[in-house]
Amino acid sequence: MTPFRTPPRTIAELVASAGVTALFTMAYIIYTGRILGPAEYADFAAGLSVIYFVGVALSPLTPSVSRLCARYLARGDARGVAALRRRLTLAVGVAGSVTAVACVAGAPVIAPALQFRSARPLVLAFLIAVFYSLVSADRGVIHGLLLFRVHNVNTVFEAVIRCGVAAALFRWRATAASALAAYLFALVAAEVLLALRLWTEWSHGAVNVDWSEVRKVFLPITFLMVAVAAFQNSDMLVVKSAFPPAASGDYGAATALARAVGILFVPLYVVVSPMLSGLHESGQPVFRITLAFVGSFLGLVALPVIAIAGWSRPIVTLLYGSAFRDAAPLLLPLAGIAVLMYTTLMLSQTLITIADHAFLPIYAILALLQIGLLLRFHATFGQVFRVLYVIESAALVVLAICFFASWIRQGVRARC
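Counting starts from 1 at the beginning of each chain's written sequence and moves along it residue by residue. Per-residue local features are limited, in this predicted model, to residues with pLDDT of at least 70; the limit for side-chain atom pairs, both in listing and counting, is 80 or more; totals at the level of whole chains, interfaces and linings are taken over all residues. Hydrogens and water molecules were not included; the side-chain quantities draw on all heavy atoms of the structure.

(A) Quick look at a nonpolar patch on the surface. Residues Leu-90, Val-94 and Val-98 make up a contiguous nonpolar surface patch of about 300 Å² in total accessible area. Turning to its location among the elements, Val-98 is positioned in helix α4 (residues 78-113). Patch membership requires over 30% relative accessible area and the absence of a salt bridge. Like charges are linked within 9 Å, and nonpolar side chains (Val, Leu, Ile, Met, Phe, Trp, Tyr) within 5 Å. Only the protein chains shown count as covering a residue, and every accessible area follows the Shrake-Rupley method with a 1.4 Å probe. Salt bridges are identified by distance alone: a Lys or Arg side-chain nitrogen within 4 Å of an Asp or Glu carboxyl oxygen. Helical segments are the DSSP runs of H or I of at least four residues, strand segments are the runs of E of at least two, and each set is numbered from the N terminus.

Right, dumping it as structure tokens:
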């Protein structure tokens, strides 16, 4: 058995830890909603969207570093791992600090445009995004080295700390800024643990990093994930700027619950990047394995979607309270959009792995088209949903066509 064929036990542990992490994360998000109420929660939800937007745009760090470390591991190059981590930590730290200063300076101007009651949640969101980039880089190293138990402990620790600190801060002052401060504290704590763990084993190595290889891996994933950030968060930011606070708070609550399907996607996504890279580096096929991961995700997500379809109102009122009852009709449409988006992202991983990037320009155009259509059609939630379904469905069709076309080409070349 190749070391890049992750055993079922490891995947089960990842799913279990993702479940525990999601439990505490959802407790944090839902408890925040119950304490703040719809209007203040709208600021919190929009702050989360800014974090997710910047975070997803920066998230190429994790799969890129994971793929590179998996390649080094396949070659037996431990010193390359150490050198890559050291250089990336410095680069991310410097770039993140400069970006944070610029964003924080612009927050007083951006906040009124998005109807934030105060600039503080937006400032905290930008700071969180910086630390998210550092955590993303180190988690990429962990994934590439197949240290999935370290990942499990770190993500659960982060979620527990975030939930506990939020509860403590709410006793002092219950605001969107307090909730986001807890998020920042938990990320800092998680990064400290990762840095200590990696320093003990991977702090040495004087070799130079092959930056041409880094660019070949990093740039396509960056292009992809910036587009994913637009797909995933533009709707919440448009709703926040166009709808009344209570309505946008309902949309934010429904979005948070709908993205719970990501709980089942994340552990599969964590495994698939280093696995595909390792298999491809070893000259083994990757297409069937990707389809197996897609099938696993759709199978796992079926039960939550059925529950949402049948009991959206009880679910919303039980978790958020009666103040958010108007979020119930929004839950199922948003869950369907999340399933489309995650399925598309899973298929894209194979094309990124084999360096077949023909889909990227089309995918980026669709992301820009979604933003443009949302800015034009957002008078009702129904209009927003129609835009999202049309664009997300088109993206999935494009990825499926590119995926199977590439598979056919690979088969033809193999026979020749």
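(B) Inspection of the packing of aromatic side chains at higher detail. Geometry of aromatic contacts follows a simple scheme: Phe, Tyr and Trp rings, the Trp one being its six-membered ring, pair when their centres are within 6.5 Å, and the pair is stacked under 30 degrees between planes, edge-to-face over 60, tilted otherwise. For the structure on display, the rule yields 18 aromatic pairs. Between Tyr-28 and Phe-44, the ring centres sit 5.7 Å apart and the planes meet at 75°, which makes this aromatic pair edge-to-face. One end of the pair, Tyr-28, is in helix α1 (residues 8-36); the other, Phe-44, is in helix α2 (residues 38-58), and 16 residues separate them in sequence. Across this residue pair, the class does not change: Tyr-28 and Phe-44 are buried. Taking the centre distance of 5.7 Å and the plane angle of 50° together, the rings of Tyr-31 and Phe-170 count as tilted. One end of the pair, Tyr-31, is in helix α1; the other, Phe-170, is in helix α6 (residues 148-172), with 139 residues separating them in the sequence. Over the aromatic face of Tyr-28 sits the side chain of Arg-162, whose NZ or CZ is 5.6 Å from the ring centroid. A positively charged side chain is recorded as over a ring if its NZ (Lys) or CZ (Arg) lies within 6 Å of the ring centre. The angle to the ring normal must also be within 35 degrees. The aromatic ring of Tyr-183 is capped on one face by Arg-162, whose charged end is 4.7 Å from the ring centroid. Between buried and exposed lies partly exposed: a residue is buried under 20% and exposed over 50% of the maximum accessible area for its type, with that area taken using a 1.4 Å probe on protein chains only.

(C) Molecular detail of the nonpolar core. Working definition of a nonpolar core: buried Ala, Val, Leu, Ile, Met, Phe, Trp, Tyr and Cys residues. They are joined through side-chain atoms within 4.5 Å. Counting residues in hydrophobic clusters, the biggest one holds 123 residues, and the most contacted among them are Tyr-41, Phe-44, Leu-224, Tyr-251, Tyr-320, Phe-359 and Tyr-363. Ranked by residues supplied to this core, first place goes to helix α12 (residues 328-353) with 15 residues. Those residues in contact with Tyr-251 that sit more than four places away from it in its chain are Asp-235, Met-236, Val-239, Leu-330, Leu-334, Phe-381, Val-384, Phe-385 and Leu-388. Every residue pair with non-hydrogen atoms within 4.5 Å of one another is taken to be in contact.

(D) Expanded view of the packing of helix α9 (residues 245-258) against helix α11 (residues 287-320). Axis lines are fitted to C-alpha atoms, over the contacting stretch for helices. Their N-to-C directions set the angle, which ranges from 0 to 180 degrees. Where α9 contacts α11, the two axes come as close as 12 Å, and the packing angle between them is 105°. The pairing of α9 with α11 is recorded here as roughly perpendicular in orientation. Along the contact surface, α9 presents Ala-253, Ala-256 and Leu-257, while α11 presents Val-316, Leu-319 and Tyr-320. Of the residues belonging to the contact of α9 with α11, the class tally is six nonpolar, no polar and no charged. Should an angle lie under 35 degrees it is considered roughly parallel, over 145 roughly antiparallel, and from 65 to 115 roughly perpendicular; all remaining angles are considered oblique. For this classification, the nonpolar set comprises Ala, Val, Leu, Ile, Met, Phe, Trp, Tyr, Cys and Pro, the charged set comprises Asp, Glu, Lys and Arg, and every other residue, Gly included, is treated as polar.

(E) Region of interest: α12. The end-to-end C-alpha separation of α12 is 39 Å, in line with the 38 Å expected for 26 residues at 1.5 Å each. Buried residues dominate α12, accounting for 22 of its 26 residues. After α12 finishes, the residue Ala-355 shows a positive phi value of roughly 60°. Given the number of residues in a helix, its expected span is that number minus one, multiplied by 1.5 Å.

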